[in-house]
Amino acid sequence: MDRRSEPNRSAIYATTLVAFLAIAGIAVVDPILPAIGEAIGVTAWQVELLFTAYIAVMAVGMIPATLASGKFGFKPVLITGVSVVGLAAILASFSDNIVQLSVLRGVWGLGNAMFFATAMVVLVNLANDREWVVGLFETALGLGFAVGPLIGGLLGEVTWRLPFFVCGVFMVLALAVASRKLREPAHKQPPVRLGAIFSTYRKPAFVTLCVVTAAYNFVFFVVLGYTPLYLHLDVIPLGLAFTGWGLGLAAGILLIGHRLAHRIGAVQTVGVAIAGLLVCMVLFATSTGTAMSLVVLVLAGLFMGLANANLTDLALGLGSRDRRVATGAFNLVRWGAAAPAPIISGKLAEHSLALPFWVGFGVLAVGVLVYLAFAHVMAAGYGERVLWSRWNSAARRNEHAPEEPVGEAY
């Protein structure tokens, strides 16, 4: 489709810019975690509070943010979220102890919840070409995860406070852009009911996806939150290491994820992703040196990209027809399962540096077993088949009455 047919391009690009900065803000902390621990004199699990507080508040905040978007509109909620992130990031740069930092990271997570509960819905309602705008959003996320650690590493070499401050300044700039360029979708949608969000969990295919995603996201934040401490690298090398991870993630999202889904289906692509990540957990736990760990880190990023490229699409296709409801229900599980991973990893590392990866392996193994047992249910609901569905009579029956595919969910 000709981009000139997109009358809301400025608003779309502004929303995408904010998405990039929001994700970069998550990843900017990675390379400075050891420096923060050393500077304020805290243990590994206490440093991990920076991730756990952030993710936990973000998970809980998804539901009220979704409800607020239905009552007040998307633009006010999104702009409020951007403002909260910017303020929390700047204040975090002046913190003196882990409690202050953790509280402000929690506030930061609340702001991101407001943004992520609304951004994708705004984009797909503003655009004529849905495929283009979804690809644009995914590009922003992939690049954010790649650039964030690099920014954190370079600025963190000066002081661990600088990445927080600069991230806050970026969000203030994003706020200026968003307040001028963002536009409320033309068709006002009715308020979201809380019961509608929780009723989504009655769908077996959606519940299966949530279980698999919960296991996957726990491991995602074992890698993102614990590996910076595990590698024992200086700030800049650590930033470069996670830039490599982010590039692997971006490649999985942008270059491979959707192409593979077009060939073998989104459900089976997620299966490839979690199987590959399961192997990476074993390789991390048995790593014989830093070089091997760095290779595994990039490889893990690639498999995570494959998963991230398809999980949201599956959630929209298997959940409620109302995108806001499906997104809220899915993100509550997605982020809620991730929240304990960093702090659990920090405590386990006190006994063995490899133990967090073995626990991550165990959690993901449960997700793989659920996937193997019920992938045919997800595939039937999404209008796909899995290789073993011909041996499953329930899958054959369901294939004749699939739920609405993701193309209509938008």
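It should be emphasised that the depicted structure is a prediction, and the values quoted were computed from it without experimental measurement.

Quick notes on the rules
Residues numbered from 1 in each chain as written. Predicted model: local features only at pLDDT ≥ 70, side-chain atom pairs only at ≥ 80, totals over all residues. Heavy atoms only, no water. 1 Å grid on protein atoms, 1.4 Å probe; cavity = no way out; pocket = protein on both sides within 12 Å on 5 of 7 lines; lining within 4 Å. Points joined across faces, edges and corners; volume = space filled by probe spheres on them. Nonpolar A, V, L, I, M, F, W, Y, C, P; charged D, E, K, R; others polar. Helix = DSSP H or I, 4+ residues; strand = E, 2+ residues; numbered from the N terminus. Patch = residues over 30% accessible without salt bridge, like charges linked within 9 Å, V, L, I, M, F, W, Y side chains within 5 Å. Areas by Shrake-Rupley, 256 points an atom, 1.4 Å probe, with all protein chains shown as cover. Salt bridge = Lys/Arg side-chain N within 4 Å of Asp/Glu carboxyl O. Buried < 20%, exposed > 50% of the residue type's maximum accessible area, 1.4 Å probe, protein only.

Draft legend 1. Geometry of empty space enclosed by the protein. Counted by the stated rule, this structure contains 2 cavities of 30 Å³ or more. Of the residues assigned to the lining of the largest cavity, the class counts are 19 nonpolar, 5 polar and 3 charged. Of the pockets and cavities examined, the second largest cavity occupies roughly 50 Å³. Considering the residues around the second largest cavity, the lining is formed by Leu-21, Ala-24, Val-28, Ile-151, Pro-163, Val-166, Cys-167 and Phe-170. The element contributing the most residues to the lining of the second largest cavity is helix H9 (residues 161-181), with 4 residues. When its residues are assigned to classes, the lining of the second largest cavity shows 8 nonpolar, no polar and no charged.

Draft legend 2. Structural view of a nonpolar patch on the surface. Taken together, the side chains of Phe-94, Phe-165, Val-169, Phe-170 and Leu-173 define a hydrophobic patch exposed on the protein surface, amounting to about 450 Å² of accessible area. Within the fold, Phe-94 resides in the loop between helix H5 (74-92) and helix H6 (98-116).

Draft legend 3. Main features of the pattern of salt bridges. Within the structure shown, the criterion is met by 2 salt bridges. Residue Asp-96 pairs with Arg-161 through a salt bridge whose shortest N-O separation is 3.8 Å. Pair noted here: Asp-96 is in the loop between H5 and H6 and Arg-161 is in helix H9, with a separation of 65 residues, a long-range link. Overall, Asp-96 belongs to the exposed group, its relative accessible area being 55%. Between Glu-350 and Lys-347 there is a salt bridge; the shortest N-O distance is 3.8 Å. With relative accessibility at 46%, the residue Glu-350 sits in the partly exposed group.

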